[in-house]
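Geometric and topological summary
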Amino acid sequence: SNMISIATKRTERINWTPHLRKYISNGYAEHPDLYTDDFRVLDELRNDCIYMEPSEKALNRLIKYYAQLVFIGSKFPIDV
């Protein structure tokens, strides 16, 4: 394998949904229920990334989660 082995950081499990729902409800003219599936996918990606073993498949999930964070960062303030 061409992967470098490094120690991973640990994090706490969080749920993005309540925070994003509140912001969408207050900051946009859309109902947050329109994004229920998107919230679920985001939370699943995060949880998958927290509890994964090092592998190429795990790396692909991390890249996908990172891409979602970058996208969210362009739509929401950092302190949501």
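Report follows, based on the coordinates. If you're wondering where the values come from, they're calculated on a predicted model, not measured in any experiment. (Residues numbered from 1 in each chain as written. Predicted model: local features only at pLDDT ≥ 70, side-chain atom pairs only at ≥ 80, totals over all residues. Heavy atoms only, no water.)

1. Brief notes about helix H3 (residues 56-75)
Rule in force here: To qualify as a helix, a DSSP run of H or I must reach at least 4 residues; to qualify as a strand, a run of E must reach at least 2; elements of each kind are numbered from the N terminus. What a helix should span is 1.5 Å times the count of its residues minus one. Type-normalised accessible area, obtained with a 1.4 Å probe on protein chains alone, sets the label of each residue: buried when under 20%, exposed when over 50%, and partly exposed for intermediate values. Throughout, the arc means the angular range of directions from the helix axis out to the C-beta atoms. Any two residues having at least one pair of non-hydrogen atoms within 4.5 Å are treated as being in contact.
End to end, H3 covers 29 Å across 20 residues, agreeing with the expected 28 Å (1.5 Å per residue, within 8%). Of all the positions in H3, only Ala 58, Tyr 65 and Ile 72 are classed as buried. For H3, the angular spread of the buried residues around the axis is 45°, confining them to a single face. When the buried face of H3 is taken as reference, the exposed residues oriented beyond 90 degrees from it are Glu 56, Asn 60, Tyr 66 and Ser 74. Turning to H3, the residues buried within the fold contact helix H1 (17-27) and helix H2 (36-50).

2. Here's the deal with the layout of surface pockets
Just so we agree on the cut-off: We place a 1 Å grid over just the protein atoms. Points where a 1.4 Å probe fits but has no way out form a cavity, open points with protein on both sides within 12 Å along at least 5 of 7 lines form a pocket, and any residue with an atom within 4 Å of a point lines it. Grid points are joined across faces, edges and corners, and a volume is the space filled by probe spheres set on the points. Nonpolar residues are Ala, Val, Leu, Ile, Met, Phe, Trp, Tyr, Cys and Pro. Charged residues are Asp, Glu, Lys and Arg, and all others, Gly as well, are polar.
Its boundaries defined by the atoms lining it, the second largest pocket holds a volume of some 330 Å³. Lining the second largest pocket are 14 residues, and of these Tyr 35, Asp 38, Phe 71, Ile 72 and Phe 76 sit closest to its centre. For the lining of the second largest pocket, the secondary structure elements donating two or more residues are H1, H2 and H3. Across the lining of the second largest pocket, the residue classes break down as ten nonpolar, one polar and three charged.

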